[in-house]
Amino acid sequence: MPEPDRSRWHPIAASHDLPFRHVYHAQLLGREFAVWRADDGYVNVWENRCLHRGVRLSIGMNDGRELKCQYHGWRYANRTAGCTYIPAHPADAPARTITNRTFPAVERYGLVWSAEEPVGEVPALAGVTEGRQLVLRGIPVNAAAEDVAERLRSYRFQPNGALDGKDAEVALEAASDTSVALRSREAGADTLAVFFVQPVDAGRSVIRGVLDDDAEGPQRIAVMRHHNRLLSKLRDEAEREAAGKPAPASIEPVYERVSAELAEMPEVTPHGRKAALRVEVARKFAAADGIAGFELRPIKGLLPTFQPGAHIDVHMPNGEIRQYSITNGPGESASYVIGVKLEPDSKGGSKCMHETVREGDVLAISEPRNNFPLRRDALKTLFIAGGIGITPLLAMAQALQNQRLAFELHYFAQNESQMAFRDRLAALGSSLRPHLGLDPAATGAELRRLLHGYEAGRQVYLCGPGPMLEAARSIAAELGWPDSSVHFEYFKNTNTIDDSSSFEVALARSVMTLQVPAGRTILEVIRENGIEMPSSCEQGACGTCLCTVIEGEPDHQDVYLNDAERRAGTKILTCVSRSKSPRLVLDL
Amino acid sequence: MTKCTDRVVLDLWHPLQAIAEMPAGRVHETVLLEERLGFARDEAGNAAVWRARPDLRADDAVDIAAVNDRLPAKVAYGYVWSSLGNPPADIFPIPEFAEPDRRRLNAATMGVNVSAPRAIENFLDMGHFPYVHTDILGAEPHTEVKEYDVEVSADRDEILATRCRFFQPMASTVSTGGADVEYVYRVPHPFCSVLYKSSPADEKRMDVIAIFIQPVDQEHIRAHMMLCVLDFDNEDKIIKRFQQTIFGQDKPILENQFPKRLPLDPRAETPIRADKSAIAYRRWLSQKGLTYGVIPAAA
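Thresholds, definitions, all that
- Residues numbered from 1 in each chain as written.
- Chains lettered and ligands numbered in written order.
- Predicted model: local features only at pLDDT ≥ 70, side-chain atom pairs only at ≥ 80, totals over all residues.
- Helix = DSSP H or I, 4+ residues; strand = E, 2+ residues; numbered from the N terminus.
- Rg over C-alpha atoms; globule rule 2.2 N^0.38 Å.
- Buried ≥ 20, exposed ≤ 12 C-beta atoms within 10 Å, placed from the backbone.
- Contact = placed C-beta atoms within 7 Å.
- Core = buried A, V, L, I, M, F, W, Y, C linked by C-beta atoms within 7 Å.
- Domains from an automatic or database assignment.
- Nonpolar A, V, L, I, M, F, W, Y, C, P; charged D, E, K, R; others polar.
- Pairing = 2+ DSSP bridges.
- Axes fitted to C-alpha atoms, helices over the stretch in contact; angles between N-to-C directions.
- Parallel < 35°, antiparallel > 145°, perpendicular 65-115°, else oblique.
- Left-handed = near helix turned anticlockwise from the far one by under 90°.
- Expected span 1.5 Å × (residues − 1).
- pLDDT = per-residue confidence, 0-100.

(A) Structural view of the overall build of chain B. On a plain count of helices and strands, chain B comes out with five helices and 15 strands. A compact globule built from 299 residues would reach a C-alpha radius of gyration of about 19 Å, and chain B, at 19 Å, matches this within 12%. When its C-alpha atoms are laid out on the principal axes, chain B stretches across 60 × 55 × 35 Å. Looking at chain B residue by residue over its 299 residues, the buried ones come to 43%. A separation of at least 24 residues holds for 60% of the contacts in chain B among residues at least 6 apart in sequence.

If you want it as structure tokens, here you go:
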């Protein structure tokens, strides 16, 4: 059996095989696909295999934004097929490189086309006008595609306008080893039929027919029946012939291996302050008074998978780098939407975004990174946002809303006109609870009311101005919330960093001992010595440069770790924190 | 000529049938490792197994003492076991089976279109409880697989997973709400696993649920589910129905796993911490050099 040609486009489904929130099981040259349409219209063609344990994704659930595997509930995002959530480990953000294999998908002439390694474009059908065609029911045949295509050359049918006739003249207009174009004429009626034979496997195929002229109502049904009857007859003959030949061996699909780092339980991939992605500002809009919204679209290809809570670094035209949370709901993978508040004392970050950046500009951004992961195993989740702190919590709330999990989003703002992304907020319905115009004392009282009555199975996520977070955290602690149920993200670290100490850092895995003098950070020193280390905000707020401490006493100066984590002394933010002991041993 | 050439698998004891479901003195037939076998038992509880032959067909009356050219045969844990090679003297121990106050029964024997090691891995897996056994063994949003311990016991040559806990919505017939249930898993045989689960009837003891897989071929099995439980109230059929429901939920998942044979290459699939026992199991099979029902890792 010759090696099949994997570079040719073939239809693998009809558009009508992808009804609302269905997952269609397709196959081409021995390889199975899970084919599904997201609510935004995007058609996904994926390897029909969950990366975790190999279960077919075609038995999974399409929730309109993500595909969920039936076996362990892993969620994969529309477009990218990146895993966004692993329920067995609700506190961890899955490594964004856990991405299922995707295949190209083009919808044309009412058919969905794909190929493993396509070359060129989907064939243009002379004589068929996009949107005016009639797609016949796919006819599966237990016979090789070439044999079926050969047989189709002598297919005889009536034109749509003369179905009751018997004497149509049928002319072969074009043919290849997997397609046939035939024109049928009788008494002024004229129909062009193009048939593609989809090679499902070595001895199996599907006939996919397209007529050049759609019909309505009963006429349409009559045309469909006409071809159904004739093609079924053709199938019976082809299968009788095939049954007389030795059955060809099935084509064994080759599954790609997962990357080596995923073979172990993945850690977050090392990443410096690199801006690997180029995006275009597709839309700049007023998200609220003083808050600009930016919709960022990729220049080419797809954006990487993001998880709720994730942020990106935006590298601005003036050289500044700032972190912004992605506000998108699940499965909204065509662009990232961020919100930027104009800070009155802006040092050039938000001012540049507000005043300089325009629609059509190209920005460099980092891949999304999630240091603020959302658990989805809570009986009830409270989100408490202050001002622009709404952005990560909005993404989280939309994720829980999509899964119908219980949550409340409490949004503290000065007034209604300062509430950002009102269209997204509106979709949250009664789960959104605005708290407007409260002074600090009233805010404290409201927080106390909200956090009252802690029960096991509750989680709270906080994001907002520093003083509000301090207040919320101490109230939560007072009311019996364990540290492990209180999650927070600061915009910035307002602590005064004391970098006067000097100490020794030993890197256990790299077998290196380095001196950190006063005025330098651990991060700077280890990078200078060639150790790759991810970072983002570099002020102790975002958590990207987190590292494990094996020995020694850290001098925490960040706002990322909670009190329990600080006391444990097993983690350190290397961009600002230092050592109280003369020597610190890190797991690097 | 035998169709399985894997020495490790040929030399194992394999389960064939529950004794309770075999009328004495009659020929039964089954398939083990692609070989057709005949077998029977007598009233005294002795069993004989042989390669199927035309003079002894299913349902024929037979006196097992008169059958020659026999394969190794053993009766253990309520089942007839046999081997196509040179099996060890004893089958792995399940000491609880001898405790007099336990109910012992075959909950089900089910055919599944999957390899034996895939079925064992599914048996060891807790992460699927909320998704596959919804509202029975688990329920969303309680999806976390908490840290547990796995060790390969060198002297016993078996895998042991302890401190396994998972939230069960109706933890027992007496409790109204959900609670964490404790599990201990043993894999004492490449195709058999024994589960210990906190007993609702006696908080100091554990119920024993074992799965004994009969490999029909590399991608088809018969799964025998043995129960040895502390339940003094329910009828057999209630207990069986419960286990059959659970297994009936697993079957379509297993039959949609690809490839059907278990890949031993660590990079074939994506493990997470919750899969520690499966990772240990795959390594253990690799180290044994087992090849039947698996896709060995490239050397």
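Back to the write-up after that little detour.
(B) Up close: unusual backbone geometry. Residue Pro141(B) is bonded to the preceding Glu140(B) through a cis peptide linkage, with omega at 5°. Of note, Pro141(B) is situated in the loop between helix 3 (129-132) and strand 8 (149-153). The residue Arg404(A) is not glycine, and still its phi comes out positive at about 55°. Tracing the backbone shows Arg404(A) in the loop between helix 5 (390-402) and strand 25 (407-413). The class for Arg404(A) is exposed, based on 8 C-beta atoms found within 10 Å. Of note, the phi angle at Asp59(B) is positive, near 80°, even though the residue is not glycine. By the element assignment, Asp59(B) lies in the loop between strand 4 (47-51) and strand 5 (73-76).

(C) Spatial organisation of the nonpolar core. Residues Phe33(A), Val35(A), Val148(A), Val49(B), Ala119(B), Ile120(B) and Ile213(B) are the most contacted members of the largest nonpolar core, which totals 148 residues. With residues near it in sequence (within four places) discarded, Val148(A) still touches Val141(A), Ala143(A), Val197(A), Ser205(A), Ile207(A) and Ala238(A). Counting 79 residues, the second largest nonpolar core, distinct from the first, contains Ala292(A), Leu303(A), Leu451(A) and Leu584(A).

(D) Summary view of the domain arrangement of chain B. Residues and elements named next belong to chain B. The assigned domain composition of chain B is domain 1 (7-82) and domain 2 (95-295). Taking only C-alpha atoms, the centre of domain 1 and the centre of domain 2 are 26 Å apart. Broken down by secondary-structure element, the contributors of at least two residues to the side of domain 1 that touches domain 2 are helix 1 (7-10), strand 1 (14-18) and strand 2 (28-32). Top contributing element to the side of domain 1 that touches domain 2 by residue count: strand 1, with four residues. Of the residues that constitute the side of domain 1 that touches domain 2, the class distribution is 12 nonpolar, two polar and two charged.

(E) Spatial organisation of the domain arrangement of chain A. When its domains are assigned, chain A resolves into domain 1 (1-124), domain 2 (127-251), domain 3 (277-365), domain 4 (380-490) and domain 5 (503-586). Relative to domain 5 of chain A, the C-alpha centre of domain 3 of chain A lies at a distance of 29 Å.

(F) Structural view of the environment of Arg51(B). Residue and element names in this part refer to chain B. Locating Arg51 in the fold gives a position in strand 4. For the pair Arg51 and Leu37, spaced 14 residues apart in sequence, the C-alpha to C-alpha distance is 4.5 Å. Apart from residues lying up to four places away in sequence, Arg51 is in contact with Glu35, Leu37 and Leu71.

(G) Expanded view of the sheet that holds strand 3 (residues 35-41) of chain B. All names here are of chain B. With respect to topology, three strands assemble into an open sheet ordered 2-3-4, the strand pairing being antiparallel. Either end of the sheet is taken by a strand with one partner, and the two such strands are strand 2 and strand 4. Neighbouring strand axes in the sheet, compared pairwise and without regard to direction, differ in orientation by 30° on average.

(H) Broad picture of the pairing of strand 23 (residues 362-365) of chain A. Residue and element names in this part refer to chain A. Residues Leu363 and Ile365 line the buried face of strand 23, whereas the alternating positions Val362 and Ala364 sit on a face that is not buried. Looking at chain direction, strand 18 (residues 277-288) and strand 23 are connected through four bridges and run antiparallel. Looking across to strand 23, one finds that Leu277 is bridged to Ile365. One ladder, built from two bridges, connects strand 20 (residues 311-315) with strand 23; its direction is antiparallel.

(I) Spatial organisation of the environment of Leu296(A). Residue and element names in this part refer to chain A. Tracing the backbone shows Leu296 in strand 19 (residues 291-298). On the basis of neighbour count, Leu296 is assigned to the buried category, with 24 C-beta atoms found within 10 Å. Placed 67 residues apart in sequence, Leu296 and Leu363 show a C-alpha to C-alpha distance of 8.5 Å.

(J) Summary view of the packing of helix 2 (residues 116-124) of chain B against helix 5 (residues 276-288) of chain B. All names here are of chain B. For the pair helix 2 and helix 5, interaxial distance at closest approach is 9 Å and the crossing angle is 150°. It follows that helix 2 is roughly antiparallel to helix 5 by the angle criterion. In this structure, the crossing between helix 2 and helix 5 has a hand that is right-handed. Contacts between helix 2 and helix 5 involve Pro117, Ile120, Glu121 and Leu124 on the former and, on the latter, Ser277, Ala278, Tyr281 and Leu285.

(K) Structural context of helix 5 of chain A. Residue and element names in this part refer to chain A. With 13 residues, helix 5 should cover 18 Å at 1.5 Å per step; its first-to-last C-alpha distance of 18 Å lies within 8% of that length. Summarising burial for helix 5: 11 of the 13 residues are buried, a large majority. Within the sequence span of helix 5, burial applies to Ile390, Thr391, Pro392, Leu393, Leu394, Ala395, Met396, Ala397, Gln398, Ala399 and Leu400. Once helix 5 ends, the next one or two residues include Arg404, with phi positive near 55°.

(L) How the structure looks around the packing of helix 7 (residues 440-451) of chain A against helix 8 (residues 466-478) of chain A. Residue and element names in this part refer to chain A. Closest axis-to-axis distance for the helix 7/helix 8 pair is 10 Å, and the angle between their directions is 35°. Seen along the crossing, helix 7 lies across helix 8 with a hand that is right-handed. Residue-level inspection shows Pro440, Thr443, Gly444, Leu447, Arg448 and Leu451 of helix 7 in contact with helix 8, the latter providing Pro467, Met468, Ala471, Ala472, Ile475 and Ala476. By residue class, the composition of the contact of helix 7 with helix 8 is nine nonpolar, two polar and one charged.

(M) Representation of the interface of chain B and chain A in the model. Every contact between the two is made by 24 residues of chain B and, on the other side, 29 residues of chain A. The residue inventory of the side of chain B that touches chain A, partitioned by class, reads 12 nonpolar, seven polar and five charged.

(N) Geometry of the confidence of the model for chain B. On average, residues of chain B score 93 in pLDDT, and 97% of them are at 70 or above. Predicted complex metrics record ipTM = 0.94 and pTM = 0.85.

(O) The environment of Arg41(B), seen in detail. All names here are of chain B. Secondary-structure assignment places Arg41 in strand 3. With 23 C-beta atoms packed within 10 Å, Arg41 lands in the buried category. C-alpha separation for the pair Arg41 and His28, spaced 13 residues apart in sequence, amounts to 9.3 Å. Excluding anything up to four places from it in sequence, Arg41 contacts Ile19, Met22, Ala24, Asn46, Ala47 and Val80.

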